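Remarks on the overall topology
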Amino acid sequence: MKAIVIGGGLGGVAAAVALRKVGWDVDVLERAPEFGEVGAGIGVMANALRAVDALGIGAEVRRLGTPRVPGGVRTPNGRWLAKLAEVGQEELVAIHRADLHRALLAPLPASCLHTSTEVTSLSSLDADLIVAADGIRSFVRAELFPDVPGPVYAGATAWRGIAPGPFDGLEVSQTLGAGMEAGVLPLGDGRVYWYGSVVAAPNADLDVRELFGSWHDPLPRLIADTPPETVLRHDIHWLATPLPSYVSGNVALLGDSAHAMTPYMGQGACMALEDAVVLAAAMAPGDVTAGLQRYDQERRPRTQAIARASRSIGRLGFELRNPAVIALRDLVFRLTPPRVAVRGMTRFSDWRAPSL
Ligand SMILES: Cc1cc2nc3c(=O)[nH]c(=O)nc-3n(C[C@H](O)[C@H](O)[C@H](O)COP(=O)(O)OP(=O)(O)OC[C@H]3O[C@@H](n4cnc5c(N)ncnc54)[C@H](O)[C@@H]3O)c2cc1C
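Residues numbered from 1 in each chain as written. Predicted model: local features only at pLDDT ≥ 70, side-chain atom pairs only at ≥ 80, totals over all residues. Heavy atoms only, no water.

The name given to the protein in an unreviewed UniProt entry is FAD-dependent oxidoreductase, and the organism recorded there is Lentzea tibetensis.

Encoded structure:
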């Protein structure tokens, strides 16, 4: 059985690894001249760790990333609102996206990886299964579901950077301000991934150093340590109108192509990894039509619920700007037992991977 995967991001290469594990012959078509990932970090949540375990690269991901470190939720002046250490939270591995991508590419033979290959029409492809992992601006989604509106602006813009450091002894943290949030994830090797999001008009002229300059240590230090030309800036878009199906004919949509979501739960790429494992498990028996139905039934409710929850967490969290409401938000955080306070972030992490 032969599959073609359109797009070699985290979702596409994960799908290729997973499908090969269940005996499929796979070609990955990537339009960029090289396979790679952007200079940012990612938290591989407990659920996605089970996905990378199923893909056979869990040990490598844990080796490359930082395993559980203490941390929690803070205010801009550094006060802790909730400490995760008190929760006994599940495993989370913080890793550079390029390292994760390399770990996913490693099991794939060079002969199945094709760069500088942009797919512009589905009719040009001949395979038993086509996996559309072509990202948030998916042409496949637009071709198959022309009546579903595309991604919309979520009302905020985000910066991401890798501070080369080396930095020692930093904790994982998320800091909630007024219409702003920032996060710190120490990577395994002294580098630190940081991000900042701000409620703003699209393409707003803003300076991340100024915006977070007076926030608690280490945020200003991390931003200052990061070469400005390496800082990523993205206005955040998401698929607010959920798709009626993730499959059509012999095509499966996967990752952002199926369910581009806001990043506030840190689950976008984690969902693409889960998608890959579930798709391959459904394809193992070789009945493409039945397998695709199973994939759609398993993945659509879960991913669309997470996309909705992520959007709500933004609205009820960092997007608040009224000082009285923020004081109430912070009070609720402080009075809520830590286990409940972080439940919003972790309530989807009990997913179990099918074995491949
Ligand atoms: C600011 C921000 C922070 C985020 N933080 C997190 C986080 O902490 N945790 C998390 O899990 N997720 C996070 N995400 C989400 C995550 O980045 C995405 O969900 C994930 O990268 C999607 O992977 P993908 O493989 O589906 O798509 P992509 O990574 O977009 O890959 C698509 C690939 O397809 C290729 N392609 C596109 N069209 C074609 C074509 N026609 N022919 C051939 N190739 C094509 C592209 O070149 C690209 O390589 C964040 C996103 C943003 C914007």
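Having seen the structure, we can now continue with the description.
A cluster of nonpolar residues, Leu328, Leu331, Val332 and Leu335, forms a patch on the protein surface that exposes about 390 Å² of accessible area. The exposure class of Val332 is partly exposed, given its relative accessible area of 46%. (Patch = residues over 30% accessible without salt bridge, like charges linked within 9 Å, V, L, I, M, F, W, Y side chains within 5 Å. Areas by Shrake-Rupley, 256 points an atom, 1.4 Å probe, with all protein chains shown as cover. Salt bridge = Lys/Arg side-chain N within 4 Å of Asp/Glu carboxyl O. Buried < 20%, exposed > 50% of the residue type's maximum accessible area, 1.4 Å probe, protein only.)

The subject of this paragraph is the pattern of salt bridges. Tallying each qualifying case throughout the model produces 18 salt bridges. In this structure, Arg233 and Asp235 form a salt bridge, with 3.8 Å as the shortest nitrogen-oxygen distance. Overall, Asp235 belongs to the buried group, its relative accessible area being 18%. A salt bridge links Asp330 to Arg329, with the nearest nitrogen and oxygen atoms 3.1 Å apart. In this structure, Asp330 and Arg329 share a single accessibility class: buried. It is possible to trace a salt-bridge network through shared partners that takes in Asp99, Arg102, Asp189 and Arg191.

Attention shifts here to the sheet that holds strand β13 (residues 232-238). The 7 strands are arranged β5-β4-β10-β11-β12-β9-β13 in an open sheet whose pairing can be described as mixed. Every other strand in the sheet has two partners, leaving β5 (80-83) and β13 as the edge strands with one partner each. Ignoring which end each strand starts from, the neighbouring axes of this sheet average 20° apart. With 3 bridges joining them, strand β4 (residues 71-74) and β5 adopt antiparallel strand pairing. Among the inter-strand pairings, Gly72 is bridged to a residue of β5, identified as Lys83. Lying over the sheet, helix α11 (residues 323-335) contacts β4, β5 and β10 (172-176), oriented at roughly 35° with respect to β5. (Pairing = 2+ DSSP bridges. Helix = DSSP H or I, 4+ residues; strand = E, 2+ residues; numbered from the N terminus. Axes fitted to C-alpha atoms, helices over the stretch in contact; angles between N-to-C directions. Contact = heavy atoms within 4.5 Å.)

Counting through the fold element by element, Ser310 comes out in helix α10 (residues 288-316). Owing to a relative accessible area of 1%, Ser310 belongs among the buried residues under this scheme. When the C-alpha positions of Ser310 and Gln267 are compared, they lie 8.5 Å apart, and in sequence the two are 43 residues distant. Filtering out sequence-adjacent residues up to four positions away, Ser310 remains in contact with Thr262, Pro263, Tyr264 and Met265.

Relative to the helices and strands, Ser173 is located in strand β10. Among all residues touching Ser173, those that are not within four sequence positions of it are Gly72, Arg74, Trp80, Ala182, Gly183, Val184 and His216.

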